[in-house]
Amino acid sequence: AQTVTQSQPEMSVQEAETVTLSCTYDTSESDYYLFWYKQPPSRQMILVIRQEAYKQQNATENRFSVNFQKAAKSFSLKISDSQLGDAAMYFCAYRSTSGGSNYKLTFGKGTLLTVNP
Amino acid sequence: NAGVMQNPRHLVRRRGQEARLRCSPMKGHSHVYWYRQLPEEGLKFMVYLQKENIIDESGMPKERFSAEFPKEGPSILRIQQVVRGDSAAYFCASSTGAGGSYEQYFGPGTRLTVT
């Protein structure tokens, strides 16, 4: 079974600075999707960014980018020019692309990001 | 296009009562997923349904929990005889298809508190 590990329960960053959140995963599959979700205090789950494993290029969405290291099974999220609105719990998630359970998202335990003014 | 809707947003039940959580998927979405988030944990898959069919309920406790997605109306997650350990946030997601590149869109969740 796939597992997702987020080793940083909490992180903090100064406004306008850059922060990197770590995520590692374990899988025997060669093709899959990886996601970062943001959960603000409202608890709404918001998709931040998505990476397809077969794509070597790292995904980017405005101030959010990932460092996808397939061999190391690492998928970190970099937030540049941090804003107060970025404060939230961030979850890393995995989903297979094949097999009978290719709809299940497997989540890490999350990293609570605090942004200091 | 309205997003995934869940109600109620907050639900308080006494031990032994029943809890009914509703999820209306996005328009055009016929695939619904329920996830549970226990305190200090990530979301965990419970069940996957299509209209009138349960496709995968492997993540759902065998007793007291049931889910349905009727031809008409919202998907319902029912928890009978709730216990304190059922206190959690329950999220529903929907998609137009399953797997592949189909994205799951999440609702705001229902926070269940069992007293």
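Structural data are supplied above this passage.
In this text the structure is predicted, and so the values were computed from the model without any measurement. (Residues numbered from 1 in each chain as written. Chains lettered and ligands numbered in written order. Predicted model: local features only at pLDDT ≥ 70, side-chain atom pairs only at ≥ 80, totals over all residues. Heavy atoms only, no water.)

Draft legend 1. Region of interest: the overall build of chain B. Along the backbone of chain B there are 0 helices and 11 strands. Its helices and strands taken in sequence order, chain B reads β-β-β-β-β-β-β-β-β-β-β from the N to the C terminus. Taken against the 2.2 N^0.38 rule, which gives 13 Å for 115 residues, the C-alpha radius of gyration of chain B at 13 Å falls within 12% of a compact globule. When the backbone C-alpha atoms are referred to their principal axes, chain B occupies close to 40 × 25 × 25 Å. Here chain B holds 115 residues, and the buried ones make up 45% of them. In chain B, once contacts between residues fewer than 6 apart in sequence are set aside, the share between residues at least 24 apart is 54%. Only carbon and sulfur atoms are counted for the fraction: they give 46% of the accessible area of chain B, which is about 5700 Å². Averaging the positions of the 16 positive and the 11 negative side-chain charges in chain B gives two centres separated by 7 Å. (Helix = DSSP H or I, 4+ residues; strand = E, 2+ residues; numbered from the N terminus. Rg over C-alpha atoms; globule rule 2.2 N^0.38 Å. Buried < 20%, exposed > 50% of the residue type's maximum accessible area, 1.4 Å probe, protein only. Contact = heavy atoms within 4.5 Å. Areas by Shrake-Rupley, 256 points an atom, 1.4 Å probe, with all protein chains shown as cover. Lys, Arg positive; Asp, Glu negative; His and termini not counted. Charge placed at Lys NZ, Arg CZ, Asp CG, Glu CD.)

Draft legend 2. Quick look at the sheet that holds strand 7 (residues 65-68) of chain B. Residues and elements named next belong to chain B. Across the sheet, which stays open at both edges, the 4 strands sit in the order 1-3-8-7 with antiparallel pairing between neighbours. The open sheet is flanked by strand 1 (5-7) and strand 7, the only strands paired with a single partner. This sheet shows a mean twist of 15 degrees between the axes of neighbouring strands, independent of strand direction. Strand direction decides the pairing type here: strand 3 (residues 19-24) and strand 8 (residues 75-79), joined by 5 bridges, are antiparallel. Counted as the bridge partner of Arg-22 is Ile-76 from strand 8. (Pairing = 2+ DSSP bridges. Axes fitted to C-alpha atoms, helices over the stretch in contact; angles between N-to-C directions.)

Draft legend 3. The state of the cysteines, seen in detail. Scanning all chains against the criterion turns up 2 disulfides over all chains. Cys23(A) shares a disulfide with Cys92(A); S-S distance 2.0 Å. Across the S-S bond linking Cys23(A) and Cys92(A), the dihedral sits near -70 degrees, which makes this disulfide left-handed. A residue pair is termed long-range when its members are at least 10 positions apart, and Cys23(A) in the loop between strand 3 (19-21) and strand 4 (24-26) and Cys92(A) in strand 10 (residues 88-96) qualify at 69 residues. A disulfide bridge connects Cys23(B) with Cys92(B), and the sulfur atoms are separated by 1.8 Å. (Disulfide = S-S within 2.5 Å.)

Draft legend 4. Structural detail: the interface of chain A and chain B. Contact residues are listed per partner, giving 20 residues for chain A and 25 residues for chain B. Summing both partners gives a buried area of about 1800 Å² for chain A against chain B, and 47% of it is carried by carbon and sulfur. On the chain A side of the interface with chain B, the three residues burying the most area are Arg43(A), Tyr103(A) and Phe107(A), jointly 32% of the side's total. Seen at the junction of chain A and chain B, the total is 3 salt bridges. Residues Lys109(A) and Glu41(B) are paired through a salt bridge, measuring 3.7 Å at the closest nitrogen-oxygen approach. (Buried area = accessible area lost by both parts, 1.4 Å probe. Salt bridge = Lys/Arg side-chain N within 4 Å of Asp/Glu carboxyl O.)

It is worth stressing that arrangement in space is one thing and function is another; only the former is reported here.
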